[in-house]
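Reading the structure
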Amino acid sequence: MKEVIIATKNKGKAREFEEIFSSRGITVRTLLDFPEIPEVEETGTTFEENAILKAEAVSRALNKMVIGDDSGLMVDALDGRPGIFSARYAGEQKNDENNTDKVLLELQGVPEEKRTARFYCALAIAVPGQDTKTVSGTCEGRILEERRGTNGFGYDPVFFVPEIGRSMAELSSDEKNKLSHRANALKKLDVVLDSILERADKS
Ligand SMILES: O=c1[nH]c(=O)c2ncn([C@@H]3O[C@H](COP(=O)(O)OP(=O)(O)OP(=O)(O)O)[C@@H](O)[C@H]3O)c2[nH]1
Ligand SMILES: [Mg+2]
């Protein structure tokens, strides 16, 4: 059985990785399956550094191949914020609801053409005894003035995808998984991942 471990506790991310990998016959496990692994501190200054921290810490703990995902929203009118702080943007009150409210508040009065933004996803793949590799993917869009749709997670309800004319939370999971920052990053990991999984299958 092919299996991939993702170093995440985020249920929204976990679901997307499961959706993407299940169509290829790969089972996904996440930190929700390994509650004994301690929290990894995200002390990096870039998405890539944080993805590496998560992937390597969990790979060391389990002695297995592990993928780390560090991702977030970058709003041009906010000089790229919330960026790597996307999950903790509302400080002590951090959660998807409050983080999104904070972005909407900060963008009050900013006209549509200046509300451009992108989602960014860095993935790190850590394999015992090998150098860790990173890839990244983006998805361009713009921040709406209010929420639209209930699918997805995080900032999805306020992230408008121009090429499709709907918010990310109005897309089905299949639609999101074709164009998201996470999907775009994963495409770049495919070749590496396939060869690792082939080898694991034979051993
Ligand atoms: O609307 C969204 N659609 C997405 O597709 C998406 N991907 C990331 N994000 C935001 O960025 C933070 C990641 O921060 P993050 O990489 O540190 O993850 P996290 O702390 O939630 O979990 P973990 O993987 O670290 O355990 C998340 O919490 C979200 O707020 C997204 N928002
Ligand atoms: Mg995190």
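A few points on the structure. (Residues numbered from 1 in each chain as written. Chains lettered and ligands numbered in written order. Predicted model: local features only at pLDDT ≥ 70, side-chain atom pairs only at ≥ 80, totals over all residues. Heavy atoms only, no water.)

Looking now at helix α3 (residues 96–106). Turning to α3, its buried residues number three or more, namely Asn99, Thr100, Val103 and Leu104. The arc enclosing the buried residues of α3, seen along the axis, measures out at 135°, which places them on a common side. Of the surrounding secondary structure, the elements contacted by the buried residues of α3 are β3 (66–75) and β5 (133–143). Its side-chain oxygen at 3.1 Å from the backbone nitrogen of glutamate 97, asparagine 95 defines the N-terminal cap of α3. (Buried < 20%, exposed > 50% of the residue type's maximum accessible area, 1.4 Å probe, protein only. Helix = DSSP H or I, 4+ residues; strand = E, 2+ residues; numbered from the N terminus. Arc of directions from axis to C-beta. Contact = heavy atoms within 4.5 Å. Polar contact = N/O pair within 3.5 Å; in protein donor to acceptor, adjacent residues only side chain to side chain.)

Turning next to the pattern of salt bridges. When charged atoms on two side chains of opposite charge get close, those side chains can pair. The full count for this structure, using the stated rule, is 19 salt bridges. The residue aspartate 69 makes a salt bridge to lysine 13 at a minimum N-O spacing of 3.1 Å. With a gap of 56 residues between them, aspartate 69 in strand β3 and lysine 13 in helix α1 (residues 11–22) connect regions that are remote in the sequence. Across the pair glutamate 112 and arginine 142 runs a salt bridge, and its minimum N-O distance is 3.3 Å. One end of the pair, glutamate 112, is in the loop between α3 and β4 (116–126); the other, arginine 142, is in strand β5, with 30 residues separating them in the sequence. (Salt bridge = Lys/Arg side-chain N within 4 Å of Asp/Glu carboxyl O.)

Bringing unusual backbone geometry into the picture now. With omega at 0°, the peptide bond leading from arginine 81 into proline 82 counts as cis. On the secondary structure map, proline 82 appears in the loop between β3 and α3. For asparagine 63, which is not glycine, the phi torsion reads 55° and is therefore positive. Inspection of the secondary structure puts asparagine 63 in the loop between α2 (47–62) and β3. The exposed category is assigned to asparagine 63, whose relative accessible area is 57%. The phi torsion at aspartate 79 lies on the positive side, around 55°, for a residue other than glycine.

We now examine the sheet that holds β3. With mixed pairing, the seven strands of this open sheet are ordered in space as β2-β1-β3-β4-β5-β6-β7. The strands lining the two open edges of the sheet, one partner per strand, are β2 (26–30) and β7 (166–167). With two bridges connecting them, strand β1 (residues 2–6) and β3 associate as parallel partners. Paired with isoleucine 5 across the strands is valine 66, a residue of β3. On top of the sheet, α1 reaches β1, β2, β3 and β4; it is set at about 165° to β2, its chief contact. (Pairing = 2+ DSSP bridges. Axes fitted to C-alpha atoms, helices over the stretch in contact; angles between N-to-C directions.)

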